[in-house]
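One letter stands for each residue in the lines below.
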Amino acid sequence: MTKKINYYLVLLVFMGFYTYFYNYQNPPKQIWDENYHIASAQKYIDHIAFMEPHPPLGKMLIALGEVILHPNKGIDKSNFDRTDYIKNFPKNLSFSGYRFFPTLFAWLNIVLFFFILNELVKSDILAFLGSFLYLFDNAIIVHSRTAMLEPIQLFFIFCSILWFVKKSETKREWEDYLILGIFSGLALMVKANSAILFLLFLIWAFKDLKIIELAKIVTKSIAYAFGVGIIFLGVFYLHFALGKKLPTHKKYAFSKEYISIIKKNGVANPLNFTTMLKDNLKYMKNYEKGVPKLNLCKPGENGSLFIGWPLGIKAINYRWEKHGPLVKYIYLQGNPVTWAIGAMASFLSIVLIVGVIVFNTPIKNTRIFEYILSFTFIYISYMTAVGMIPRVMYLYHYFIPLTISYILAILLLYYLFEEEIKKNDKIVLFSIVLIASAIVFTWWFYSPLSYYKPLTLEEFNQRIWLGYWQLHPIR
Amino acid sequence: MDIGNSIRLDKRHALLLFVFTIWAWIGFNIYSHATVNTIKATIVQSMKPIRSLDDNIFQGKKEALYIESLNFPKGNKFYHPHHGFLHYKKNFKIFFDTYMETTKDQYIDFVIYSDDGFRLVVDKKTVLEFTKDRPFKKSEKIIRLKSGKHHLHIKYFQGYGQLGIAGYYSVGKSIQSAKNSKKILIGKSCDDLRFLPLGNSN
């Protein structure tokens, strides 16, 4: 790493501390789905067996934060073990433990994002300023400063993408596939929609197919599958091993065999693994069936159609608090500038690709074009896949394609202005700095909605730039 | 592309133009969403049915709202573009109060659409009214206003069913020109008539 990169990294980490990490324990009140996630995390701490619609790793890390920091000594949290949805949190409960790892990972993501961009465009200044897209995105910030799964998931996704980019231009060995499998497996063990990372493997395999024989591809595929598999089995083993006591409030999908395993203290016995896994997978499958479908006619519906996500539809009011004429909000609302850049980048990437394929437009830089092609393929695949899911989905399900659209924005900028960037052209650099400052300005302007700062009704209304975001003030 | 002999425009300038567009978009949004409140709206919920403007109110919830325009569009829900849905459906009255200032004597054309009734009073003199219930319909009256500061008061009631009230005005040197001029929402100022900002806010 050069000295310059080190400076940029220090600056990013410093700024990221303030945008993502600082004061993350506040408000000490439940936000969005923390009712569910903290209830699950506490069960790991108290060794209560339970089943979950999400894979276990995210909840385990939420629990680990509470175990390491243990800020709630002396507070009775036993009722968390008797429910899957905490209605009343004890007074004086600190959220600093439960929120620690999601927030820490969100902070570290800035470094990963910088390395991804730097690896792609080999321009530290562009990577540095490009990282502002993640660093100052109000929606990702809001969601990441809570005990939620997405920041942890994004961490492993960024690890996978960084590894994918780092090894894309080298001769890949089976070990590289194994590591990609491990990172993808870790992301998959946090949230199932990380399965999109399978496309990274496919892109590698497709490229390798052109230059090496089929037998080697088979070995590499096995290595990748082994990486994913070992994480899958390892995380589930840990999930079972931690559940030593039967829950009192719910039967989940525990079979007689599973109950008997718990009673006989055999949860850590690998021989019982398949029985427990079968029951868990059955529960996950049935739970998904019970999730309501999107109903846009329902008053107060927080869900949204995937097609509207790139435009920021729809914002979600996670919590609010009224003090006379002032209202504090935690609102899932993106930074309009970063989201607009992301939406334009994904659209223009498609235009570029269509231009090359249909109209034989000459390719300026094959290496960058291939990356644009790969990431656009992932973006479209993800959006197509979620478009086929009938259950209700929310704006934060767009975070994966959103961050990919940010990568596309930097790739496109480099593709169009490569020579100027290399020559440090003043107009281009000045423009990039102006875009970065617009990102910082709008982050600051929308920051009251991200950091629970009081706003008057007029101040809130000043932030409703587009009606379809559905930002609604509390009167 | 060349301009004159000196400046050569290329894709770098397109990028710069894009950046300025972003900043212009930010500036426009902040400016256009900044509001100056000019009307105080006192909303009073009645615990018993109201069927005409002057029916007694059996007072329930009462609140004051400060708004920048008299604009509650027709509909099933009481809604203001800047305040969102207000949770009033039936049997309530609203008292709108504002001050306006003109620099010269001129004709003012007041147009009120309402569901249900209303009364428009300028300096304690009734100008226009419809006191019973009705669907969203128009009432119009032109008055001559002397230069200076004037108090405008509008009383509105909603019985049941659909609801809404929107008020407009236009200014002219003659009755005809006032009638034909562009209509502006009450609360929004124009060159010839200014609504005075309120000291309070929500």
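Residues numbered from 1 in each chain as written. Chains lettered and ligands numbered in written order. Predicted model: local features only at pLDDT ≥ 70, side-chain atom pairs only at ≥ 80, totals over all residues.

A few points about the interface of chain A and chain B
Step number 1: Facing the 24 residues of chain A at the interface are 19 residues of chain B.
Step number 2: Elements supplying a minimum of two residues to the side of chain A that touches chain B: α16 (399-422), α17 (426-450) and α18 (457-461) of chain A.
Step number 3: The biggest single contributor to the side of chain A that touches chain B is α17 of chain A, with 8 residues.
Step number 4: Here the residues of the side of chain A that touches chain B sort into 14 nonpolar, 6 polar and 4 charged. (Contact = placed C-beta atoms within 7 Å. Helix = DSSP H or I, 4+ residues; strand = E, 2+ residues; numbered from the N terminus. Nonpolar A, V, L, I, M, F, W, Y, C, P; charged D, E, K, R; others polar.)

A look at the pairing of strand β10 (residues 118-122) of chain B
Residues and elements named next belong to chain B.
Step number 1: Direction of pairing for β10 relative to strand β11 (residues 125-130): antiparallel, over a ladder of 5 bridges. Of the residues in β11, the one forming a bridge with F118 is F130.
Step number 2: Once β10 ends, the chain turns through 2 residues before running back antiparallel as β11, passing D123 with a positive phi of about 50 degrees.
Step number 3: Sheet analysis places β10 next to strand β13 (residues 148-158), joined by 5 bridges and oriented antiparallel. Within the sheet, the bridge partner assigned to V121 lies in β13 and is H153. (Pairing = 2+ DSSP bridges.)

Brief notes about the sheet that holds strand β1 (residues 316-323) of chain A
Step number 1: Strands sit in the order β1-β2-β3 (chain A) across an open sheet of 3 strands; the sheet is antiparallel. In this open sheet, the two edge strands, each paired with only one partner strand, are β1 and β3 (454-455) of chain A.

Digging into unusual backbone geometry
Step number 1: In this model, I313 of chain A is joined to K314 of chain A through a cis peptide bond whose omega is 0 degrees.
Step number 2: By the element assignment, K314 of chain A lies in the loop between α13 (273-290) and β1.
Step number 3: The omega angle of the peptide bond from D115 of chain B to D116 of chain B is 15 degrees, so this bond is cis rather than trans.
Step number 4: If you trace the backbone, D116 of chain B turns up in the loop between β9 (106-115) and β10.
Step number 5: For H47 of chain A, which is not a glycine, the phi torsion comes out positive at approximately 60 degrees.
Step number 6: Tracing the sequence through the fold places H47 of chain A in the loop between α2 (34-45) and α3 (57-69).

Description of the confidence of the model for chain A
Step number 1: Chain-level statistics for chain A give a pLDDT mean of 94 and a share of 100% at 70 or above.
Step number 2: Ranking the elements of chain A by mean pLDDT puts α18 of chain A last with 83 and helix α6 (residues 132-135) of chain A first with 98. (pLDDT = per-residue confidence, 0-100.)

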